[in-house]
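Secondary and tertiary structure notes
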Amino acid sequence: MRNRLLSFLALGLTLAQFGVVLGSWLVSAAFPETQIRSLLSDEGIRWYFGKVVENMASPILVWLILLSSAWGAIEKSKLLQAFRHRIDFQERTAFNLVRIELGIAIIVMILLTCTPHAILLSATGNLYPSSFSASIVPVLAFVGWTVSSTYAFVSGKFHTFSEAFHSCVYGISKNADLIFLLLVLIQLIDSIKFVVQ
């Protein structure tokens, strides 16, 4: 069901992109007094081909990749199952280590943001925008990787580094369709911005 829905969404976004290209050309040709810029003009074609990578190099794309990777690692480590069923001694030991790691991560973030003249605050002392707000997604991903690996190795779910590595890649491959949709959506939004500016 998800694959079918996402494939129709991708088709819709692609058709919308073609609509913006043709629509911008028609409107700019029919009504030259408007401020609409055509994507089929010299300037539009240069912009489209020259800015495609810059447009897609979005923080949202990086966040999606990082969170997908961390979620995949948590899923593969079977950490979430520790909340749903009775766990044995080895799993309980692993779960307690995870709680300690989460506690340390929270304490470190509190010390870096809530103390006087905290390092991750902005120059004006705000949490947003600041180094903290810019780093929250990478920090969450790092914590996800760390706790999932700890749980998996201590509980005996993983035995090699290769398994931990593949657990991080698993989430990215599972959400590759969302990454593709985001790339198409980013280009569509930036195309619309170019046309109407």
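The structure this text deals with has already been given above.
Before going into details, it helps to say that this report is about the structure given with it.

A few words on unusual backbone geometry. Residue Pro129 follows Tyr128 across a cis peptide bond; omega there is -15°. Phi at Lys78 is positive, roughly 65°, even though this residue is not glycine. Within the element layout of this structure, Lys78 appears in the loop between α3 (59–77) and α4 (89–114). The backbone phi angle of His117 is positive, close to 55°, even though this residue is not glycine. On the secondary structure map, His117 appears in the loop between α4 and α5 (131–155). Using a relative accessible area of 81% as the deciding quantity, one classes His117 as exposed.

Among the surface-exposed residues, Ile60, Val62, Trp63, Leu67, Ile136 and Leu140 lie close enough to one another that they form a single nonpolar patch of about 500 Å² accessible area. Of all the secondary-structure elements, those providing two or more residues to the nonpolar patch are α3 and α5. The element that contributes the greatest number of residues to the nonpolar patch is α3, accounting for 4 residues. Checked against the element boundaries, Trp63 lands in helix α3.

A few words now on the nonpolar core. In terms of nonpolar packing, the biggest core is built from 12 residues, these being Leu6, Ala10, Leu13, Val20, Val21, Leu39, Trp47, Leu181, Val184, Leu188, Phe194 and Val195. Of all elements in the fold, only α1 (2–30) and α7 (176–196) reach the threshold of two or more residues within this core. Leaving out residues up to four positions away in the same chain, Leu188 has contacts with Leu13, Ala16, Gln17 and Val20.

Within the element layout of this structure, Leu79 appears in the loop between α3 and α4. Setting aside residues no more than four positions away along its own chain, Leu79 makes contact with Ile74, Phe95, Val98, Val147 and Tyr151.

A few words now on the packing of helix α2 (residues 42–56) against α7. Where α2 meets α7, the axes come as close as 10 Å, and the angle between the chain directions of the two elements is 140°. Judged by the inter-axis angle, α2 sits oblique to α7. The hand of the α2/α7 crossing is right-handed. Here α2 contributes Glu43, Gly44, Trp47, Tyr48, Val52, Asn55 and Met56 to the contact with α7, which in turn contributes Leu183, Ile186, Gln187, Asp190, Ser191 and Phe194. Residues that form the contact of α2 with α7 fall into these classes: 7 nonpolar, 4 polar and 2 charged.

About the thresholds
Residues numbered from 1 in each chain as written. Predicted model: local features only at pLDDT ≥ 70, side-chain atom pairs only at ≥ 80, totals over all residues. Heavy atoms only, no water. Helix = DSSP H or I, 4+ residues; strand = E, 2+ residues; numbered from the N terminus. Buried < 20%, exposed > 50% of the residue type's maximum accessible area, 1.4 Å probe, protein only. Patch = residues over 30% accessible without salt bridge, like charges linked within 9 Å, V, L, I, M, F, W, Y side chains within 5 Å. Areas by Shrake-Rupley, 256 points an atom, 1.4 Å probe, with all protein chains shown as cover. Salt bridge = Lys/Arg side-chain N within 4 Å of Asp/Glu carboxyl O. Core = buried A, V, L, I, M, F, W, Y, C linked by side-chain atoms within 4.5 Å. Contact = heavy atoms within 4.5 Å. Axes fitted to C-alpha atoms, helices over the stretch in contact; angles between N-to-C directions. Parallel < 35°, antiparallel > 145°, perpendicular 65-115°, else oblique. Left-handed = near helix turned anticlockwise from the far one by under 90°. Nonpolar A, V, L, I, M, F, W, Y, C, P; charged D, E, K, R; others polar.

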